[in-house]
Structure formats: C-alpha cells, structure tokens
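Residues per chain, in single letters:
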Amino acid sequence: MHSGGASVKIRLGIPKGSLQEATMNLFARAGLPIFITDRSYFATTGDAEVECMLIRAQEMARYVEHGVLDAGLTGLDWVVESGLEVITVSDLIYAKQSRGKVRWVLAVPETSPYQRAADLENLIVATELVNVTRKYFASHNVAVKVEFSWGATEVKPPMLADAIVEVTETGSSLKANRLRIIDTVLESNTQIIANKTAWRDSEKRRKIENLALMLRGAMDARDRVGLMLNVRKKDLAAVLAVLPALKRPTISPLSDEDWLAVNTVIEESLAWQIIPRLKEANGQGIVEYPLNKVVL
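Attention now goes to the sheet that holds strand 9 (residues 145-148). Read from one edge of the open sheet, five strands run 9-8-10-7-11, paired in mixed fashion. Of all the strands in the sheet, the pair left with one neighbour each is strand 9 and strand 11 (179-188). The sheet shows a mean angle of 25° between the axes of neighbouring strands, taken without regard to direction. As defined by bridge partners, strand 7 (residues 102-109) adjoins strand 10 (residues 163-168) across five bridges and the pair is classed as antiparallel. Following the sheet pairing, tryptophan 104 is matched in strand 10 by valine 167. Those strands touched by helix 4 (residues 130-139) are strand 7, strand 8 (124-127), strand 9, strand 10 and strand 11, and its axis lies near 105° from that of strand 11.

In structure tokens:
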C-alpha cells in the first residue's frame, strides 16, 4: 500500500523481436507511445510513471516472476514453458502478422509416413518449446527424444530431426519447407502478466489494470467505426431495425422535438451495407467516424 499520493512507477517488459512492432503499434493506438533509442534495451513512454525494458518474450516470465519487472507482455506459450508463477492480467489477441492466436503444431515431412504422435515413437523431435513438447508426448504415452532448437527449426527435418514442434500463424512457412501438420500441441496468444508482489501493491495494480483496460480498448476498436445520424421519431423503429450494436444505440433528443440523434458502433466491413439501408429508412446526416478505443 502507498500513502500520501506519492508517484509510483511501474517497470514494464515489452517483447523484443517478432512481437515488438505489433506491440508498439498497439500502445500507440492506446495513447501510450513507446520511445526507443538505438541499441538500448530501455525505453520511455508518454507516461512518466511507466518505464519499459525490451526483453525477449521467451524470458519475460522469468524477469516478471523474479521482480525485475512489475509486468510484461509475452505469449501464453512462454509462460507455460517457463513453469513460473505469475499473474495473468489479460489476454491480448494479436500476433506478429495477424490479429488472431498462433498455434504450436507438430509437423513432419510431407512425404513421411507419420500420421499421428504415436508414429514418432523413439524418434527425434526438434523445438524451442521443449517442456511443453515433452508434456505433450508424455500425455500421449509416446517416448521421443526432444531436442532444443536454436532457430530455423523448419529446415531440420528430415536430416536433423524426424519431426518438429513449431509456432505458426498461417502455415505458409511450414508448407514452403514441405512440412505437414499432424496435430496442434498448444494454442497461444499474447498476455499481460504481472509479478505477484506488484499485484498486491494497490497503486501498481491499479496502473497495470488501467494499462490493460486501454490496450484492450484499442484492440476492441480495430475494424469498428462509429455511426451517428438524425432521424424523425416516427422513423426511429425502422432505423433501429437496421442497426447492429455492441449494446444498444445511444438515442438523444434534438432541439427540434420531432427529431432524435442516434449514435452506435458497428463493424467497419458492414458500413457499406448499412449506410444505404439507413438512408432508405429515412436516416439523415449520416456520419461514419473512426474509433481509437472501445472500452466495453
């Protein structure tokens, strides 16, 4: 607990490497830009009370658990792999290339006879995700030799390994290396994690929760737009029948008592269908506008 309104800083881990650009873009959309100087592992933000360090996602849970960082962004996969105890604050569904989850998959050469995990008995499986892979095969009662891969895992079969467990978003890299997926080992997504001691500190917890709120708001605003329009009271039912909404549209009176203002949020992809229909329903002054954040 803190008293007297003293300023409390939090140290936040930002994933260095493949997730770095997507993470920085998300923070910028959330209103907290991150400023990184060349060759530095430290960064500043638009909030003087939030300091950042660039840390490999694979190591994030360790530094959060040890208390070097109060919180950090990393993948569920690396938290599970570490086996360390941290607080999961929030899921953030984004990846390097896409806006969805990633998968760690068991893949084999496309011309190989292997069709399932059991077919790999006593063979070599290469992966960066060693602990998770061992648990996966143990759960299937299959004895394999799991070898740690320092990278370029896709090129190892068939000469250096019989199969691999590798992360994929689209599967294109696996296909390019003539590999075939035979199972999903783990689905993963980015998470905000926190140190247990920091989470028990009311001020630090409030800052971490507020950060999570704004990041989720920025993510929820993606691919959505706001719509506002005016409509006569007698035509309101027809307009509402056209509108999908997160909850219910906001309806406000105008200075002319016969008219109402309607404000709502829709998927951007639907706007081209909905706006003409709103016009047909006698909506007027229709305005579509971009959203920075949607806090649900």
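This brings us to the sheet that holds strand 16 (residues 284-290). Within a sheet, each strand pairs with its neighbour through backbone hydrogen bonds, oriented either parallel or antiparallel. The strand order 14-15-13-16 describes an open sheet built from four strands, whose pairing is antiparallel. Both outer strands of the open sheet, strand 14 (250-253) and strand 16, are each paired with one neighbouring strand and no more. Strand after strand, the sheet turns through a mean of 20° between neighbouring axes, direction not considered. Pairing analysis gives five bridges linking strand 13 (residues 224-232) to strand 16, with the strands arranged antiparallel.

Let us look at the side chain of aspartate 70. By the secondary structure assignment, aspartate 70 is in the loop between helix 2 (57-66) and strand 5 (71-75). Among the polar contacts listed, one links the side chain of aspartate 70 to the side chain of lysine 204, at a separation of 3.1 Å. Setting aside chain neighbours within four positions, we find aspartate 70 in contact with Lys9, Ile10, Arg11, Val64, Ile193, Ala194, Asn195, Ala198, Lys204 and Ile208.

Time to look at a nonpolar patch on the surface. Where nonpolar side chains cluster on the molecular surface, the patch consists of Leu213, Met214 and Val295 and spans about 220 Å² of accessible area. Relative to the elements of secondary structure, methionine 214 occurs in helix 7 (residues 202-221). A relative accessible area of 33% means that methionine 214 is categorised as partly exposed.

Attention now goes to the nonpolar core. One finds Leu12, Phe27, Leu73, Leu92, Tyr94 and Leu215 to be the most contacted residues of the largest nonpolar core, which totals 27 residues. Secondary-structure elements contributing two or more residues to this core are strand 1 (10-16), helix 1 (20-29), strand 4 (50-56), strand 5, strand 12 (190-194) and helix 7. With six residues, the top contributor of residues to this core is helix 7.

Now for the pattern of salt bridges. Summed over all chains, the structure comprises twelve salt bridges. For lysine 9, the salt bridge goes to glutamate 51, with nearest N and O atoms at 3.3 Å. With a gap of 42 residues between them, lysine 9 in the segment before strand 1 and glutamate 51 in strand 4 connect regions that are remote in the sequence. The partly exposed category is assigned to glutamate 51, whose relative accessible area is 28%. A salt bridge links aspartate 119 to arginine 116; its shortest N-O distance comes to 3.8 Å. The class of arginine 116 is exposed, set by a relative accessible area of 54%. One connected set of salt bridges, linked through shared partners, spans Lys9, Arg11 and Glu51.

Calculation rules
- Residues numbered from 1 in each chain as written.
- Predicted model: local features only at pLDDT ≥ 70, side-chain atom pairs only at ≥ 80, totals over all residues.
- Heavy atoms only, no water.
- Pairing = 2+ DSSP bridges.
- Helix = DSSP H or I, 4+ residues; strand = E, 2+ residues; numbered from the N terminus.
- Axes fitted to C-alpha atoms, helices over the stretch in contact; angles between N-to-C directions.
- Contact = heavy atoms within 4.5 Å.
- Polar contact = N/O pair within 3.5 Å; in protein donor to acceptor, adjacent residues only side chain to side chain.
- Patch = residues over 30% accessible without salt bridge, like charges linked within 9 Å, V, L, I, M, F, W, Y side chains within 5 Å.
- Areas by Shrake-Rupley, 256 points an atom, 1.4 Å probe, with all protein chains shown as cover.
- Salt bridge = Lys/Arg side-chain N within 4 Å of Asp/Glu carboxyl O.
- Buried < 20%, exposed > 50% of the residue type's maximum accessible area, 1.4 Å probe, protein only.
- Core = buried A, V, L, I, M, F, W, Y, C linked by side-chain atoms within 4.5 Å.

By themselves, these observations are geometric and do not establish any function.
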